[in-house]
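Examination of the molecular architecture
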There are 2 protein chains.
Amino acid sequence: MRPPAEMTQLFRNLGLKVTPQRELIFEILWGADDDPAASHPAAGHPTADAVFAEARQRMPMISLRTVYQTLNDLAYMGELHHLDLGTGSSRYDPNTEVHHHLVCTSCGKVRDVFADYSAIRVPGGAASGFQVGAAEVVFRGLCDDCQTRLNGSPPVPPALVSPTNQPKGEY
Amino acid sequence: MRPPAEMTQLFRNLGLKVTPQRELIFEILWGADDDPAASHPAAGHPTADAVFAEARQRMPMISLRTVYQTLNDLAYMGELHHLDLGTGSSRYDPNTEVHHHLVCTSCGKVRDVFADYSAIRVPGGAASGFQVGAAEVVFRGLCDDCQTRLNGSPPVPPALVSPTNQPKGEY
DNA sequence: TACTACCTAACAATCATTGTTGGCTAGGCC
DNA sequence: GGCCTAGCCAACAATGATTGTTAGGTAGTA
């Protein structure tokens, strides 16, 4: 993703309108890109909802629909990457260089991994018929916060024969 | 995933009941595992809905809820792997050996990739604080069917300044 | 055979995301 | 500066995947 001023220009050049909503979203995404470890909601690899949360702080009437639409447009333009890392909702990555991800299995936090895995290939024959692109590598683990938060307790079994979670049996 | 007879025994040993619904799901999953290229709905890496579709052919009153519950229980027990490959819905993989996937970006079809990528590591420092597990590698591409189906036409832009898709402007 | 914990079907609810629509506005034109 | 119009937006509804709830049914045991 390019800086807000360039995005504004790009939109104008494409015949798209530069609205206050779009400008705000440009700034939020630029801040996310700039500041991957910050504490604001849209830090790092924000979900649509995180961008929305931050946007409505400055523009309370903005709609979630508009946020989704703008994020999708940016993704289609290649200014954002759309990520589905199995955390329940889509994330948008303002960093469009080739890179990979480290995902917290507990809270969904995402960290960038810059490494050259271009040597990774599908072993011969396994891809027959398929027209294959690049490999995506995802590392899963527990972030520091979740390690301390879950400290001592087991990996929190989601249930199944668990009397505390499901008093009447897991089903 | 083990064969249905073993699953039955395992459930009994755990104090779980062996119901006709569960037995049917065991068989369907075993068939999926057995027969990754077959044409029945639950072949390969079925979604909950695919398992449901196949189940109700033999047991029309079975509920989707029961299918979901059983799949989740099996995943929790480690007999299935739960996959989120960004295809919109969760898939369940009866093959629990370490392996990777090749995903069709158009139809969501999944093919197994057996290769040893255990050498893939997060570069030094990038994982600091994180407790990291193994790498998951996902290859994305177009399956043979989708290559012929989309033959000639471009990669189907989802819209944006596309008069045919969005007569009133893309927004 | 009876009992009880466990399961199930039906139904409602939730969450993320997208479709629709009527009114509003950015930006080009005069 | 005012007009015009394509594009945009907020509001609302709808969708699809998944999970919560509950009342009744049944597997497995005594």
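Just above sits the structure.
Now for a description of the structure that goes with this document. (Residues numbered from 1 in each chain as written. Chains lettered and ligands numbered in written order. Predicted model: local features only at pLDDT ≥ 70, side-chain atom pairs only at ≥ 80, totals over all residues.)

**Focus on the nonpolar core**
In this structure, Leu102 and Phe139 of chain A together with Leu102 and Phe139 of chain B are the most contacted members of the largest nonpolar core, which totals 28 residues. When residues of this core are traced back to their parent elements, those giving at least two are strand S3 (100–104), strand S4 (110–113) and strand S5 (131–142) of chain A together with strand S3 (100–104), strand S4 (110–113) and strand S5 (131–142) of chain B. If sequence neighbours within four positions are ignored, Phe139 of chain B has contacts with Val122, Val132, Gly133 and Ala135 of chain A together with Leu102 and Val113 of chain B. (Core = buried A, V, L, I, M, F, W, Y, C linked by C-beta atoms within 7 Å. Buried ≥ 20, exposed ≤ 12 C-beta atoms within 10 Å, placed from the backbone. Helix = DSSP H or I, 4+ residues; strand = E, 2+ residues; numbered from the N terminus. Contact = placed C-beta atoms within 7 Å.)

**Some thoughts on the interface of chain A and chain B**
Listed as interface residues are 35 residues of chain A and, on the opposing side, 35 residues of chain B. Looking at the side of chain A that touches chain B, the elements with two or more residues in it are helix H4 (64–77), S4, S5 and helix H5 (144–149) of chain A. With 11 residues, S5 of chain A is the largest single contributor of residues to the side of chain A that touches chain B. Sheet analysis places S5 of chain A next to S5 of chain B, joined by 9 bridges and oriented antiparallel. Residue pairing across strands places Val132 of chain A opposite Gly141 of chain B, the latter belonging to S5 of chain B. (Pairing = 2+ DSSP bridges.)

**A look at the relation of the copies chain A and chain B**
Superposing chain A onto chain B takes a rotation of 179° plus a shift of 0.0 Å along the axis, which leaves an RMSD of 0.2 Å. Here the transformation between the copies is reduced to the relation of a two-fold axis. Among all residues of chain A, the minimum C-alpha distance to the rotation axis is found for Val137 of chain A, at 2.3 Å. Most of the interface of chain A is mirrored in chain B, where 97% of its interface residues again form contacts. (Least-squares fit on C-alpha atoms with pLDDT ≥ 70 in both.)

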